[in-house]
Amino acid sequence: MKDDNCIFCKIANGEIPSKTLFEDDAFRVILDLGPAAKGHALILPKNHYANLYELPEETASKVMLLAKKMAVQMTDKLKCDGFNLVQNNGEVAGQTVFHFHMHLIPRYKNDNQTIGWKPGEPSQEELEEIRAQIVGE
Ligand code: 5GP
Ligand code: ZN
């Protein structure tokens, strides 16, 4: 399940070289070329799934196990002070490469980086309306 026009398929499967931190039969973990912080890495499945919606459940669970393992190793080796796991789905959410990937972003005190959102201020009624919409009531 590869897409011939997908750069992350080529990287994940070793056709394009990358700074690889980990590889097994299903995944490659690489350093991001445009890092938000030192050590910013990406978990790439070797099979092509455009996004979280296409990702099989079993692969999704393995992604989180691998994220945990890498975060522990990277925290130990890089001596970072915290971590963001980020996964963008769809252009509106900031996705630019349409091959599923999980960002592993080590964070350092005073790294002067911003990863976040402007918090809204919904009323209790609005929260209840959204809750009911999501759960289908
Ligand atoms: P997205 O915006 O889709 O969530 O994340 C795409 C990420 O892939 C960006 O952080 C970008 O820097 C990284 N990226 C794009 N092209 C390449 C590449 O060819 N090699 C590597 N290592 N990272 C890439
Ligand atoms: Zn792909």
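Scroll up for the structure.
Every value quoted in this text rests on a predicted model; they were computed, and no experiment measured them.

**Focus on the layout of surface pockets**
If you add up the space inside the largest pocket, you get close to 370 Å³. Considering the residues around the largest pocket, the lining is formed by 21 residues, among which Phe 8, Leu 31, Asp 32, Leu 33 and Leu 42 are closest to the centre. A per-element tally of the lining of the largest pocket places helix H1 (residues 7-12) first, with 3 residues. Counted by class, the lining of the largest pocket contains 12 nonpolar, 7 polar and 2 charged residues.

**Here we look at the coordination of the zinc ion (ligand 2)**
By definition of the ideal shapes, a tetrahedral metal site with four donors has angles of 109.5 degrees and an octahedral site with six donors has angles of 90 or 180 degrees. Distances from the zinc ion (ligand 2) to its protein donors, Cys 6 (SG), Cys 9 (SG), His 48 (ND1) and His 99 (ND1), fall at 2.0 to 2.3 Å. Here the zinc ion (ligand 2) is ringed by 4 donor atoms whose angles at the metal span 103 to 116 degrees, and the overall shape comes out tetrahedral.

**Examining the side chain of Arg 107**
Relative to the helices and strands, Arg 107 is located in strand E5 (residues 102-107). Sequence-distant contacts of Arg 107, defined by excluding residues within four places in its chain, comprise Cys 80, Asp 81, Gly 82, Phe 83, Asn 84, Gln 113 and Ile 115.

**A look at the site of ligand 1**
In the vicinity of ligand 1, 16 residues are found, and the nearest of them are Asp 32, Asn 88, Gly 94, Thr 96 and His 103. The separation between an oxygen atom of ligand 1 and a polar side-chain atom of His 101 is 2.9 Å. Protein coverage of the free-state accessible area of ligand 1, which is 520 Å², stands at 80%. Here ligand 1 occupies the largest pocket. If you list the elements that add at least two residues to the shell around ligand 1, you get H1 and strand E2 (27-31). With 3 residues, H1 is the single largest residue contributor to the shell around ligand 1. Each residue belonging to the shell around ligand 1 can be placed in one class, and the counts come to 8 nonpolar, 7 polar and 1 charged.

**As for the pattern of salt bridges**
Within this structure, the stated rule accounts for 7 salt bridges. The shortest N-O distance in the salt bridge between Glu 58 and Lys 62 comes to 3.3 Å. Residue Glu 58 and its partner Lys 62 are both found in helix H2 (residues 57-78); the two are separated by 4 residues, about one turn of the helix. By relative accessible area, which is 54% here, Glu 58 ends up exposed.

**A word on the nonpolar core**
If you look at soluble globular proteins, the nonpolar side chains tend to sit buried side by side. By size, the foremost hydrophobic cluster in this structure holds 15 residues, and its most contacted members are Val 29, Ile 43, Val 63, Leu 66, Met 70 and Leu 104. Put simply, the parts of the chain that give this core at least two residues each are E2, strand E3 (41-45), H2 and E5. Ranked by residue count, the leading element in this core is H2, at 5 residues. Not counting residues up to four positions away in its chain, the partners in contact with Val 63 are Phe 27, Ile 43, Leu 55, Phe 100 and Met 102. Formed by 9 residues, the second largest nonpolar core is a distinct cluster that contains Cys 6, Phe 8, Ile 30 and Val 97.

Thresholds, definitions, all that
Residues numbered from 1 in each chain as written. Chains lettered and ligands numbered in written order. Predicted model: local features only at pLDDT ≥ 70, side-chain atom pairs only at ≥ 80, totals over all residues. Heavy atoms only, no water. 1 Å grid on protein atoms, 1.4 Å probe; cavity = no way out; pocket = protein on both sides within 12 Å on 5 of 7 lines; lining within 4 Å. Points joined across faces, edges and corners; volume = space filled by probe spheres on them. Helix = DSSP H or I, 4+ residues; strand = E, 2+ residues; numbered from the N terminus. Nonpolar A, V, L, I, M, F, W, Y, C, P; charged D, E, K, R; others polar. Donors = N, O, S within 2.8 Å, 3.2 Å for Na, K, Ca; no water. Tetrahedral: all angles 85-135°; square planar, octahedral: opposite > 155°, others 65-115°. Contact = heavy atoms within 4.5 Å. Near = heavy atom within 4 Å. Polar contact = N/O pair within 3.5 Å; in protein donor to acceptor, adjacent residues only side chain to side chain. Areas by Shrake-Rupley, 256 points an atom, 1.4 Å probe, with all protein chains shown as cover. Sits in = over half its atoms within 2 Å of the grid points. Salt bridge = Lys/Arg side-chain N within 4 Å of Asp/Glu carboxyl O. Buried < 20%, exposed > 50% of the residue type's maximum accessible area, 1.4 Å probe, protein only. Core = buried A, V, L, I, M, F, W, Y, C linked by side-chain atoms within 4.5 Å.

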